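Here is how the chains run, residue by residue.
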Amino acid sequence: MSRIKELRASIEKQLDVLEHQALALEAQLTQTKDQALQRLEQRKQQFRDVLKEVQAEVQKSKETAAQTKTEVQARLEHLQVQLALGKADARDSFEEQRTKILKALSDFESIADQKLKGVAFESGRVWEDLVGRATGLEAELEALKSRFESEKAKQQDTLEAKKQELLTRLQAFKTQLKDKRQVVRAKADTFELDLREGLDQIKTAFRRLFE
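Residues numbered from 1 in each chain as written. Predicted model: local features only at pLDDT ≥ 70, side-chain atom pairs only at ≥ 80, totals over all residues. Heavy atoms only, no water.

In this structure, F47, V54, L79, F108, L116, W127 and L130 are the most contacted members of the largest nonpolar core, which totals 33 residues. By residue number, the principal contributor to this core is helix α6 (residues 126-150), which donates 9 residues. What W127 contacts, discounting residues up to four positions off in sequence, is R3, I4, L7, V54, A112, L116 and F121. Ranked by size, the runner-up nonpolar core spans 17 residues in total, among them A22, A24, L177 and F206. (Core = buried A, V, L, I, M, F, W, Y, C linked by side-chain atoms within 4.5 Å. Buried < 20%, exposed > 50% of the residue type's maximum accessible area, 1.4 Å probe, protein only. Helix = DSSP H or I, 4+ residues; strand = E, 2+ residues; numbered from the N terminus. Contact = heavy atoms within 4.5 Å.)

What follows is about the packing of aromatic side chains. Any pair of aromatic rings gets described here by the distance separating the centres and the angle formed by the planes. Applying the stated criterion to the full structure yields 1 aromatic pair. Between F94 and F148, the aromatic rings sit 4.9 Å apart at their centres with planes inclined by 25°, giving stacked as the arrangement. Pair noted here: F94 is in helix α5 (residues 91-115) and F148 is in helix α6, with a separation of 54 residues, a long-range link. Looking at F94, the relative accessible area reads 2%, which means it is buried. (Phe/Tyr/Trp six-rings, centres within 6.5 Å; stacked < 30°, edge-to-face > 60°.)

With that settled, the discussion passes to the environment of G136. Structurally, G136 is set in helix α6. On the accessibility criterion, G136 (10% relative accessible area) is buried.

Turning to the pattern of salt bridges, a few remarks are in order. Within this structure, the stated rule accounts for 14 salt bridges. For R98, the salt bridge identified is with E95, shortest N-O distance 2.8 Å. Placement of the pair is R98 and E95 together in helix α5, with a separation of 3 residues, close to one helical turn. On the accessibility criterion, R98 (14% relative accessible area) is buried. Exposure remark for E95: the relative accessible area of 27% places this residue in the partly exposed category. Via salt bridges that share partners, R3, E6 and E128 belong to a single interconnected network. (Salt bridge = Lys/Arg side-chain N within 4 Å of Asp/Glu carboxyl O.)

Attention now moves to the confidence of the model for the chain. Chain-level statistics for the chain give a pLDDT mean of 83 and a share of 83% at 70 or above. The lowest-confidence element of the chain is helix α8 (residues 188-207), averaging 68 in pLDDT; the highest-confidence one is helix α4 (residues 66-84), averaging 94. (pLDDT = per-residue confidence, 0-100.)

Looking at the element boundaries, R147 is found in helix α6. A residue is classified by how much of its surface remains accessible, and R147, at 6% relative accessible area, is buried.

Here the focus is the packing of α5 against α6. The geometry of α5 relative to α6 is characterised by a closest axis approach of 11 Å and an angle of 155° between their N-to-C directions. One element, α5, and the other, α6, form an angle in the roughly antiparallel class. Handedness of the α5/α6 crossing: left-handed. Residue-level inspection shows R91, F94, E95, R98, I101, L102, L105, F108, E109 and A112 of α5 in contact with α6, the latter providing W127, L130, A134, L137, E138, L141, L144, K145, F148 and E149. For the contact of α5 with α6, a count of residues per class yields 13 nonpolar, no polar and 7 charged. (Axes fitted to C-alpha atoms, helices over the stretch in contact; angles between N-to-C directions. Parallel < 35°, antiparallel > 145°, perpendicular 65-115°, else oblique. Left-handed = near helix turned anticlockwise from the far one by under 90°. Nonpolar A, V, L, I, M, F, W, Y, C, P; charged D, E, K, R; others polar.)

A few words on α5. Its 25 residues give α5 an end-to-end C-alpha distance of 36 Å, which sits within 8% of 36 Å, the value for a rise of 1.5 Å per residue. Regarding α5, the residues found buried are F94, Q97, R98, I101, A104, L105, F108, E109, I111, A112 and D113. Buried residues in α5 make contact with α1 (3-9), α3 (33-60), α4 and α6. (Expected span 1.5 Å × (residues − 1).)

Right, here's the structure in full:
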C-alpha cells in the first residue's frame, strides 16, 4: 500500500476525518454562509501552503528522476490552480469548483502514490501534513455542499431550535470522539464504525434541517 493510501486508511486518520467533519458541520450551524465560505477559503490556503512544502521536497529529492519530478509537478500545479480560484458563493459555481478540486486532488494523490512510493523526504511528516490538510478541506467542501443543496426558506424560530438540537448532538459527538482516541488499538476499528454511524445520523439531520 502506498504512503498516502496507508495514511488515509489508518485508524488515527479515520478518526481525524470524523473530527474534521464534525467541526465543519458545527461551523455550518453557527456561521453565516459568507463566514462559512471564508472558512473554506482559509482551508484552501492552508492546503496550498502544504503543497508548497511538498513541491519543495520533490524538487530537492535526489532519489527522484527528472521525468518523475516533471510529471508530479504538472499534477501539483493543476491542483494549486484549482485551489486558487476565487470564492464561489452560488450553488452551481460552488459545485463546479468543488468537483474540480476533488478531481485534481485525486489525480495528484494518484501520481504521487505511483511515482514517489518509497521516496524519503527531509521532512518526515510531509505526507502526514498533506493528508491532514486534505481531509480537513474535504470535510469543509462536503458540509458546504449539503448546505447549498438543502438551504431553503423556513420559519426562523423552528430553524434555530433545530440548529441548537444538532449543535448539542455535535458537542456530545466530539466528546465521545475524544474519549475513543484513548481506547486500546485492538478495539479501534469497532469504535471508529460506531462513531461514523453516529456522525452519519447528525449529517442526515443537517441535510433535512432546511427541508
